[in-house]
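Each chain is listed here by its residues.
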Amino acid sequence: MTTATQSSGSVLEKGYNGKMLNVNLTTGEITVEYPDDSLYRQYLGGYGIGARMLWDRVPKGADPLGPENMLGMFAGLLTGTPLFGQRWQVVCKSPLTGGWGDANCGGDFGGVLKLAGWDGIMFFGKAEKPVYLLIDNDKVELRDASDQWGQGAIENEKFLKDRHGKRASVANIGPAGETLSLISGVCNDHGRLAARSGVGAVMGSKNLKAVVALADRKVISQSDVTIKMLRENLDQFVKPLKDFFHNFGTTGITAMSALNGDSPVKNWGGVGVIDFPIAQQIDGGSQINPRMEKSYGCWRCPMACGAESKESTNPKYPYPHHTHRPEYEAMAAFGTMNLVADPDALIYANHLCNEYGFDVISAGGAISMAIECYQNGIITKEDTEGIDLRWGDADAMIAFLKAMGERRGIAAVFADGVKVAAEKIGRGAEKFAMHIGGQELPMHDPKLQPEYYTTYKLDPTPARHTQYEGNKRLGKIPPAPADNKVYTGRGEHHKGASEYMHVVNAGGMCQFVMMAANTANMPSWFNAVTGWDMDLDEMMQIGERIANLRMAYEVREGGNPRKRAVPTRVTGETTEATHAGPLQGIKLDTETLETEFLKACDWDLETCKPSKAKLESLGLADVAAALHN
């Protein structure tokens, strides 16, 4: 056990274990690594440490689906402690985008992994046959998973819990990951996914079905000091926001977002008030919540914004008991994007994605593209094996999703995302492929919130809505113009807001919990579980260090976010989604948004390469030398 001394002289267990696992799947060798404490202070945890490991250990130009790629699973610094740590991240070179890849996840796996004594796991190589990693506190071994290959993710979790006990936490892939679907993720807690960047395909490429973690410890760094701090900070929560998330989850914004211009509609080519005026039929409070049985929270979450369902009474959409309530992104990706207003169908689509291991954003977007291709004669009923793809047809949407999961017909092409589908289908299909840099767009329209545009295009992992949040309580993020049609003066704000989110993610904290919490106290939380004396300035520099290392990796691997194409429906350059409604007439000033952000970051305006001086100022001299020769 690692200890730290507080200023009072008392001793507490640190918030990190100071050890990680290296697993060579080719040879079966498992070794323990003991990072220096400085690694945690410089990068916290999660994809902060993951960025350092990926840069150091994956050779330039490695095949994302080859044995040289690393699949890293890292818990956040606060994960497993009483102080707001629930989340963990998966890091790899992305097979979906070809560059930096990460996926963020809740559930219980991150907490249990930390309680078992490990801050992260790094997998290399490829097993000869399907395997799973069993972690029972300090005992770690690879076991045969041949009998599990082909199982759905939720089915497999139950299988492994039956074998190893209910206290086991399971992170695994479903059939989508096994078949190397580029839009597959890593699942835990029967339906919480590290969904983006194609991380499930990397796991499948290594013949790794699952990781099972068991722990005897209940919590890390639980002391009188941390419990008192937790209670005081809970008292400072914004109660209306906390209550909203607890009662409705993110599903609570679905109906209003479909009508106010936040949600993309009809594959980004529609207007909610015109094309989806029945949005109230999928309202979270009146339509989704009555189908739920109880609240759900990720590991020791103080907000518990999730819910689990009763068993479906609709034989067409037979989602099982304890199905997770869909999050907003799933509701929008399958609902507003496809004009489907049947709550049971949307809950079932979410369940199927969890079982197959699909990213709901990408899967819903792929079906939207397929509908447009079908409506425009680019693919036919023969291609779809008889599925008549139409807007608003829930049965057709579910049938096509199942065909994607089973890799049947033309749906097999869409199971690798819209970019691959457009390339393979041709005949003008690219017009309907709503992606940036290979990744399907999230469910928030940047014409309503301009920073999303810059995030979607310029973040090393493109099309990610969780990389921006302009938190006002932190006190370190410059304000942005209040008018969303003013595009100047946003660069410094966006730089600070994105670096703040790197701290949140690497710290293992949930973005929604942090919306309610007094985030100005974040250094105090880190210090309480480490014995550090970090202040807000040092904390924000960590966010900047992570931002620069992620971008350096993207550039090293040949990526240039500045050159990524953005669909004109997204920018308002064409008027499919701006001819009427709340976003009528809006056209983003993309050049101003991009250049002001890049200048604020000190990243090259043509290549996005971080400057040598910036990298060196952040203690990344080795990265500067490699990037600038």
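Residues numbered from 1 in each chain as written. Predicted model: local features only at pLDDT ≥ 70, side-chain atom pairs only at ≥ 80, totals over all residues. Heavy atoms only, no water.

**Thoughts on the overall build of the protein**
Logical step 1: Looking only at helices and strands, the protein features 26 helices and 18 strands.
Logical step 2: Taking 25 Å as the expected radius of gyration for a compact globule of 629 residues, we find that the protein reaches 23 Å, a close match to that expectation.
Logical step 3: Along the longest, intermediate and shortest principal axes, the C-alpha atoms of the protein span 70 × 55 × 50 Å.
Logical step 4: By the burial criterion, 67% of the 629 residues in the protein qualify as buried.
Logical step 5: Sequence separation of 24 or more characterises 69% of the internal contacts of the protein that already satisfy a separation of 6 or more.
Logical step 6: Accessible surface computed for the protein: about 20900 Å², of which carbon and sulfur atoms make up 49%. (Helix = DSSP H or I, 4+ residues; strand = E, 2+ residues; numbered from the N terminus. Rg over C-alpha atoms; globule rule 2.2 N^0.38 Å. Buried < 20%, exposed > 50% of the residue type's maximum accessible area, 1.4 Å probe, protein only. Contact = heavy atoms within 4.5 Å. Areas by Shrake-Rupley, 256 points an atom, 1.4 Å probe, with all protein chains shown as cover.)

**Regarding the nonpolar core**
Across soluble globular proteins, nonpolar side chains have a tendency to be buried as a group.
Logical step 1: By size, the foremost hydrophobic cluster in this structure holds 161 residues, and its most contacted members are M404 and F414.
Logical step 2: Of the residues forming this core, the biggest block, eleven residues, is contributed by helix α22 (residues 536-556).
Logical step 3: Counting residues in each nonpolar core, the second largest holds 37 residues, with C105, V140, A194 and V199 among its members. (Core = buried A, V, L, I, M, F, W, Y, C linked by side-chain atoms within 4.5 Å.)

**Quick notes on the layout of surface pockets**
Logical step 1: Of the pockets and cavities examined, the second largest pocket occupies roughly 250 Å³.
Logical step 2: I154, E155, E157, K158, K161, D162, K166 and H190 together form the lining of the second largest pocket.
Logical step 3: Each residue belonging to the lining of the second largest pocket can be placed in one class, and the counts come to one nonpolar, one polar and six charged. (1 Å grid on protein atoms, 1.4 Å probe; cavity = no way out; pocket = protein on both sides within 12 Å on 5 of 7 lines; lining within 4 Å. Points joined across faces, edges and corners; volume = space filled by probe spheres on them. Nonpolar A, V, L, I, M, F, W, Y, C, P; charged D, E, K, R; others polar.)

**A look at the state of the cysteines**
By definition, a disulfide links two cysteine residues through a covalent bond between their sulfur atoms.
Logical step 1: By the definition in use, this model includes zero disulfides.
Logical step 2: Just so you know, C353 is unpaired, no disulfide at all, and the nearest cysteine sulfur is the one on C187, 11 Å from it.
Logical step 3: For the unlinked cysteine C510, the closest cysteine sulfur is that of C305, found at 5.9 Å. (Disulfide = S-S within 2.5 Å.)

**Considerations on the packing of helix α4 (residues 153-164) against helix α13 (residues 343-356)**
Between two packed helices, what matters for the description is the angle formed by their axes and the separation of those axes.
Logical step 1: At a minimum axis distance of 5 Å, the contact between α4 and α13 shows a crossing angle of 60°. Relative to α13, the element α4 lies oblique. Within the contact between the two elements, α4 uses A153, I154 and E155 and α13 uses H351, N354 and E355.
Logical step 2: Its residues assigned to classes, the contact of α4 with α13 comprises two nonpolar, two polar and two charged. (Axes fitted to C-alpha atoms, helices over the stretch in contact; angles between N-to-C directions. Parallel < 35°, antiparallel > 145°, perpendicular 65-115°, else oblique.)

**Looking at the pairing of strand β4 (residues 29-33)**
Logical step 1: Note: strand β3 (residues 20-24) against β4, five bridges, orientation antiparallel. Bridged to V23 within β4 is I30. (Pairing = 2+ DSSP bridges.)

**So, the confidence of the model for the protein**
Logical step 1: Mean pLDDT for the protein: 96, with 98% of residues reaching 70 or above.
Logical step 2: Contacts of residues 1-11 to residues separated by more than four positions or lying in other chains number 21 contacts, the stretch itself having pLDDT below 50. (pLDDT = per-residue confidence, 0-100.)

**A short note on the packing of aromatic side chains**
Logical step 1: Enumeration over the complete set of coordinates arrives at 16 aromatic pairs.
Logical step 2: Measuring from centroid to centroid gives 6.0 Å for F244 and F245, while their planes differ by 80°, and the two rings are edge-to-face.
Logical step 3: Here a set of aromatic residues connected by ring pairs shows up, and it is made of F244, F245, F248 and F512.
Logical step 4: Here the guanidinium or amino end of R550 rests over the ring plane of Y47, the centre of that ring lying 5.0 Å away. (Phe/Tyr/Trp six-rings, centres within 6.5 Å; stacked < 30°, edge-to-face > 60°. Lys NZ or Arg CZ within 6 Å of the ring centre and 35° of its normal.)

**Some thoughts on the packing of helix α12 (residues 328-336) against α13**
Logical step 1: Interhelical geometry of α12 versus α13 gives an angle of 115° and a closest axis separation of 10 Å. In terms of orientation, α12 lies roughly perpendicular with respect to α13. Relative to α13, α12 is oriented so that their crossing is right-handed. In this structure, α12 contributes A330, M331, F334 and G335 to the contact, and α13 contributes L346, A349, N350 and C353.
Logical step 2: Looking at the contact of α12 with α13, its residues break down into six nonpolar, two polar and no charged. (Left-handed = near helix turned anticlockwise from the far one by under 90°.)

**Topic: the side chain of T251**
Logical step 1: Locating T251 in the fold gives a position in the loop between α8 (239-248) and α9 (254-260).
Logical step 2: When its relative accessible area of 1% is taken as the criterion, T251 is described as buried.
Logical step 3: Ignoring any residue separated from it by four or fewer positions in sequence, one finds T251 in contact with G284, I288, R325, P326, E327, Y328 and M331.

**Here we look at the sheet that holds strand β7 (residues 100-105)**
Logical step 1: Spatially, β4-β3-β8-β5-β6-β7 is the arrangement adopted by the six strands of the open sheet, whose pairing is mixed. Of all strands in the sheet, those bounded by a partner on one side alone are β4 and β7. Mean inter-strand twist for the sheet, computed between neighbouring axes without regard to direction, equals 15°.
Logical step 2: In this sheet, strand β6 (residues 88-93) lies alongside strand β5 (residues 71-75) in antiparallel orientation, the contact comprising four bridges. In the sheet register, M73 faces β6, and the bridge partner there is V90.

**Some remarks on α12**
An α-helical turn contains 3.6 residues, so a residue and the one three or four places further along point in the same direction.
Logical step 1: Burial analysis of α12 places nine of its nine residues in the buried class, which makes it a mostly covered element.
Logical step 2: Those residues of α12 that sit buried are Y328, E329, A330, M331, A332, A333, F334, G335 and T336.
Logical step 3: Turning to α12, the residues buried within the fold contact α9, α11 (284-288), α13, α14 (360-375) and α15 (394-405).

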